[in-house]
Amino acid sequence: MKNAGLMLNMSGHDNIKMKCICFGINDSNYIWNLLKMVSLENEGRKIVKKYSLGMKQRLGIALALVGDPDLLVLDEPTNGLDPAGIAFMRRLMVDLNKDGKTIIISSHVLDELSKFSTRYGFINQGSMIKEISKKELETVCDSKNISIEDYYFSLINN
């Protein structure tokens, strides 16, 4: 995610405030609640260019949540994060899903996805080649004693 959509010379709070203005939301508590949701409430006044990669990732999630969308589309949300950041992001995805959000995640790290995904769509050369539930995927992988990556390779090599 480098710095996608982030205004680096503004605070995290003000980044969210700018998006809220676009959505007609004028509520400081709303902004602070989003910052709290992604564990940035103590860093909200800090300039974003001083944020770590994990903090920028979390701020990006907070920005995506402005307006309370039903669907989130995330590209490699755990990319470049340390183990604590990955664990936090994983818990956040599970919590958002439990709150009714549908989350589509694009990732090359299939083992990481297995820790919180409920369905998989495998894509090859821009086309969906297989959609499968987590339970079905686990059954297939267990029966063949293969990893998720090996299952993917078996799909594209047929």
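Procedures and definitions
Residues numbered from 1 in each chain as written. Predicted model: local features only at pLDDT ≥ 70, side-chain atom pairs only at ≥ 80, totals over all residues. Heavy atoms only, no water. Core = buried A, V, L, I, M, F, W, Y, C linked by side-chain atoms within 4.5 Å. Buried < 20%, exposed > 50% of the residue type's maximum accessible area, 1.4 Å probe, protein only. Contact = heavy atoms within 4.5 Å. Helix = DSSP H or I, 4+ residues; strand = E, 2+ residues; numbered from the N terminus. Pairing = 2+ DSSP bridges. Right-handed = clockwise from strand over helix to strand, strands pointing away. Patch = residues over 30% accessible without salt bridge, like charges linked within 9 Å, V, L, I, M, F, W, Y side chains within 5 Å. Areas by Shrake-Rupley, 256 points an atom, 1.4 Å probe, with all protein chains shown as cover. Salt bridge = Lys/Arg side-chain N within 4 Å of Asp/Glu carboxyl O. Axes fitted to C-alpha atoms, helices over the stretch in contact; angles between N-to-C directions. Parallel < 35°, antiparallel > 145°, perpendicular 65-115°, else oblique. Left-handed = near helix turned anticlockwise from the far one by under 90°. Nonpolar A, V, L, I, M, F, W, Y, C, P; charged D, E, K, R; others polar. Disulfide = S-S within 2.5 Å.

### Here we look at the nonpolar core
Inference 1: Core analysis: the biggest nonpolar cluster contains 38 residues, and Ile-16, Leu-59, Ile-61, Leu-92, Met-93, Phe-122 and Leu-137 have the highest contact counts within it.
Inference 2: What Leu-92 contacts, discounting residues up to four positions off in sequence, is Met-37, Val-38 and Ile-61.

### Describing the pairing of strand β1 (residues 71-75)
Inference 1: Of the two faces of β1, the one holding Leu-72 and Leu-74 is buried and the one holding Leu-71, Val-73 and Asp-75 is not buried anywhere.
Inference 2: Note that β1 and strand β2 (residues 102-106) share five bridges and pair parallel. Note that in β2 the partner of Val-73 across the bridge is Ile-104.
Inference 3: Between the parallel pair β1 and β2, the chain is carried across by helix α4 (residues 83-98), and the sense of this crossover is right-handed.

### Quick notes on a nonpolar patch on the surface
Inference 1: Among the surface-exposed residues, Met-7, Met-18 and Ile-21 lie close enough to one another that they form a single nonpolar patch of about 260 Å² accessible area.
Inference 2: As for its placement among the helices and strands, Ile-21 is situated in helix α1 (residues 12-22).

### A word on the packing of α1 against helix α2 (residues 28-37)
Axes are the key here: two packed helices are described by the angle between their axes and the distance separating the axes.
Inference 1: Taken N-terminus to C-terminus, the directions of α1 and α2 make an angle of 125°; their axes are 10 Å apart at the nearest point. Looking at the two axes, α1 sits oblique to α2. The interaxial crossing formed by α1 with α2 has right-handed handedness. Along the contact surface, α1 presents Gly-12, His-13, Ile-16, Lys-17 and Cys-20, while α2 presents Ser-28, Tyr-30, Ile-31, Trp-32, Leu-34 and Leu-35.
Inference 2: Across the contact of α1 with α2, the residue classes break down as seven nonpolar, three polar and one charged.

### Brief notes about unusual backbone geometry
Where the residue is not glycine, phi is negative for most of them; where a peptide bond is considered, it is trans in most cases.
Inference 1: Unlike most non-glycine residues, Ser-39 shows phi in positive territory, near 55°.
Inference 2: Tracing the sequence through the fold places Ser-39 in the loop between α2 and α3 (53-65).
Inference 3: One non-glycine residue, Gln-125, lies in positive phi territory at about 50°.
Inference 4: Inspection of the secondary structure puts Gln-125 in the loop between β3 (119-124) and β4 (127-133).

### Some details on the state of the cysteines
Inference 1: For the structure shown, the criterion picks out zero disulfides.
Inference 2: Of all cysteine sulfurs, the one in Cys-22 lies closest to Cys-20, which takes part in no disulfide; the gap is 9.2 Å.
Inference 3: By relative accessible area, which is 1% here, Cys-20 ends up buried.

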